[in-house]
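Spelled out, the chains give:
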Amino acid sequence: MTNEFEKQLSIVVPLFNEKESLPDLIDWIASVMNQEELSYEIILVDDGSVDGSWDKILELSAKNGNIRAISFRRNYGKSAALYCGFKAAIGEIVVTMDADLQDSPEEIPEMRRMILEEGYDLVSGWKQHRQDNTLTKNIPSKLYNATARWVTGIKLHDMNCGLKAYRNEVVKHIEVYGEMHRYIPFLAKNAGYTKIGEKKVHHQKRKYGTSKFGMERFVNGALDLITLWFLGAFGKKPMHLFGFSGILMFLIGFIITICLIVSKVTHQAHGLAFRPVTDQPLFYLALVAVMLGVMLFLAGFIAELVSRNSTDRNNYNIKDEIR
C-alpha cells in the first residue's frame, strides 16, 4: 500500500431501520478484516431510522474504533446515504454493502484483489443465486437488468447489487443523487472509468426484518435509466437532440403542406375535382408537425442556454497531467 490513503478499505453501509442486524454485521466485517490483516473503516450512514438504529451504532462504535457514522434527520434515500459515505471515505478501496446481512463481507478481499491486481476501476457483485427468489423480485430483476445492459452497454448481470468495490478516485468523481444508486456503474462509465468487472457473490437470506423496497422501484428505475441515458448522450449538447427532432418535424409538416397545395393547384389547373386544402385532416396534422418542430427547436435553444450557464459545464475528469 502506497500511502496517500489512511486505510486500505472503506466499507460504506447505508441503513434504514436495521438495529437488529448491526451487531452481527459489525462482528462479521471485523472478523474478515482481522483475518486478512487489512486496515479498514466502517462508515455507517443511518438514513433517518426510527427503530433505535442510531443508539445501537453509538453503542457499537464505543467497542470498535474503526466505526465512523453519519445520521440523517430524516429518510433521504439510499443515494443520499451513499453520496455522504463516499464523500467521507478515506480508504484506498471503497466497498458498499447493505446492512441486512444478505451481502457477505467474505467477498470483499477478492473484490479488492481484482481492483489492485487486475486493474478494474469498479467490481460489481452478481447475486447469481438469489435467496429472495420470488416472482415480485426475481423476474422483474431479470427484466430490469436486461434493459439496463441494453441501454448502458455495460455487461453486468446484476447492476443493482449492493455489494460493490471501487477505487477511491471513482467514488470521488461521481455524483449519486435521487435514486441513481441503481446505476453507479453507468455513472462511473460516463466519468471515464470504463474497466468494470463482475464477481459472483454469495447471497444470504434476510435474517431480520423485511425489505425496504417495493415494486415501485422498477418503475422509478426505468425512469432513472432514461434520465441517465439522456444526460450521458445529450447533457452537454441538448441542441443535437431537440434541434434535430425539431428540424425533422418541421420538414415533415412543411413538405406535407406543400404537397397538398401542389396537388390542389394541379387538379384545379386541369379541371379535375379537388378538395380544398383546409378541408383535409392531413393539412392540420402537418400544421401540428410544423408547430411541434418549432417548439422542439426553441426547447433546444433554451436547453443550450441552461447548459452554457451551468457551473460545471467545463468540469472534466483529468486522468493525468504533465506540467
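Reading the values: the criteria
- Residues numbered from 1 in each chain as written.
- Predicted model: local features only at pLDDT ≥ 70, side-chain atom pairs only at ≥ 80, totals over all residues.
- Heavy atoms only, no water.
- Axes fitted to C-alpha atoms, helices over the stretch in contact; angles between N-to-C directions.
- Helix = DSSP H or I, 4+ residues; strand = E, 2+ residues; numbered from the N terminus.
- Left-handed = near helix turned anticlockwise from the far one by under 90°.
- Contact = heavy atoms within 4.5 Å.
- Nonpolar A, V, L, I, M, F, W, Y, C, P; charged D, E, K, R; others polar.
- Pairing = 2+ DSSP bridges.
- Phe/Tyr/Trp six-rings, centres within 6.5 Å; stacked < 30°, edge-to-face > 60°.
- Buried < 20%, exposed > 50% of the residue type's maximum accessible area, 1.4 Å probe, protein only.
- Lys NZ or Arg CZ within 6 Å of the ring centre and 35° of its normal.
- Core = buried A, V, L, I, M, F, W, Y, C linked by side-chain atoms within 4.5 Å.
- Salt bridge = Lys/Arg side-chain N within 4 Å of Asp/Glu carboxyl O.
- Patch = residues over 30% accessible without salt bridge, like charges linked within 9 Å, V, L, I, M, F, W, Y side chains within 5 Å.
- Areas by Shrake-Rupley, 256 points an atom, 1.4 Å probe, with all protein chains shown as cover.

**Some words on the packing of helix α1 (residues 22–36) against helix α2 (residues 53–63)**
(1) Moving on: Viewed as axis vectors pointing N to C, α1 and α2 meet at an angle of 35°, and their least axial separation amounts to 10 Å. Considering only the axes of α1 and α2, their crossing is right-handed. Every residue of α2 that contacts α1 at L22, P23 and I26 is listed here: S53, K56, I57 and L60.
(2) Moving on: When grouped by side-chain class, the residues that make up the contact of α1 with α2 number five nonpolar, one polar and one charged.

**A few points about the pairing of strand β6 (residues 164–167)**
(1) Moving on: Note that strand β4 (residues 91–96) and β6 share four bridges and pair antiparallel. Bridging from a neighbouring strand, V94 pairs with Y166 of β6.
(2) Moving on: Across three bridges, strand β5 (residues 122–126) lies against β6 in antiparallel orientation. Across the sheet, S124 pairs through a bridge with K164, a residue of β6.

**Topic: the packing of aromatic side chains**
(1) Moving on: The tally for this structure, following the rule as stated, stands at five aromatic pairs.
(2) Moving on: Centroid distance F283 to Y284: 5.3 Å. Interplanar angle 75°. Geometry classified as edge-to-face.
(3) Moving on: Judged by relative accessible area, which is 14%, F283 ranks as buried.
(4) Moving on: With relative accessibility at 44%, the residue Y284 sits in the partly exposed group.
(5) Moving on: Its guanidinium or amino end placed over the ring of Y120, K195 lies 5.4 Å from that ring's centre, counting from NZ or CZ.

**Topic: the nonpolar core**
(1) Moving on: By size, the foremost hydrophobic cluster in this structure holds 33 residues, and its most contacted members are M33 and L44.
(2) Moving on: Of all the elements in the fold, those that place two or more residues in this core are β1 (7–15), α1, β2 (40–46), α2, β4 and α4 (108–118).
(3) Moving on: Per element, the largest residue contribution to this core is seven residues, and it comes from α1.
(4) Moving on: Excluding residues within four positions of it along the chain, L44 makes contact with V13, L15, L22, I26, I57, I67, R68, A69 and I70.
(5) Moving on: Counting 31 residues, the second-largest nonpolar core is a separate cluster that includes L122, V171, V176 and Y183.

**Some points on α4**
(1) Moving on: All of the buried residues in α4 are I108, P109, M111, R112, M114 and I115.
(2) Moving on: Residues of α4 that are buried sit in contact with β1, α1, β4, β5, β6 and β7 (196–200).
(3) Moving on: One or two residues past the end of α4 sits G119, with phi positive at roughly 80°.

**Regarding the pattern of salt bridges**
(1) Moving on: All told, the structure shown has nine salt bridges when counted by the stated rule.
(2) Moving on: Note that R167 and D121 form a salt bridge whose closest N and O atoms lie 3.6 Å from each other. Taken as a pair, R167 in strand β6 and D121 in the loop between α4 and β5 lie far apart in primary sequence, 46 residues in all.
(3) Moving on: Residue D121 is classed as buried on the basis of its relative accessible area of 14%.

**Some words on unusual backbone geometry**
(1) Moving on: Not every positive phi belongs to a glycine, and N17 is a case in point at roughly 55°.
(2) Moving on: Note on placement: N17 falls in the loop between β1 and α1.
(3) Moving on: Its identity is not glycine, yet L101 carries a phi of approximately 70°, on the positive side.
(4) Moving on: As for its placement among the helices and strands, L101 is situated in the loop between β4 and α4.
(5) Moving on: Taking the relative accessible area as the measure of exposure, L101 reaches 7% and is therefore buried.

**Looking at the sheet that holds β6**
(1) Moving on: Pairing in this open sheet of seven strands is mixed, and the strands run β3-β2-β1-β4-β6-β5-β7 from one edge to the other. The sheet is open, and its two borders are formed by β3 (67–71) and β7, each paired with just one other strand. Within the sheet, the average angular offset between the axes of one strand and its neighbour, ignoring direction, is 20°.
(2) Moving on: The pairing of β1 with β2 spans seven bridges and is classified as parallel. Its bridge partner being in β2, I11 is matched across the sheet by I42.
(3) Moving on: Across the face of the sheet, α1 comes into contact with β1, β2 and β3 while running at roughly 160° to β2.
(4) Moving on: Here α2 sits on the sheet and contacts β1, β2 and β3; the angle it forms with β3, its principal contact strand, is near 160°.

**Comments concerning a nonpolar patch on the surface**
(1) Moving on: Residues I247, F250, L251, F254, I255, I258, I261, V262, V265, V294, L298 and F301 make up a contiguous nonpolar surface patch of about 1,000 Å² in total accessible area.
(2) Moving on: Where the nonpolar patch is concerned, the elements lending two or more residues are α9 (238–269) and α10 (281–308).
(3) Moving on: Tallying contributions element by element places α9 first for the nonpolar patch, with nine residues.
(4) Moving on: Mapped onto the elements, F254 comes out in helix α9.

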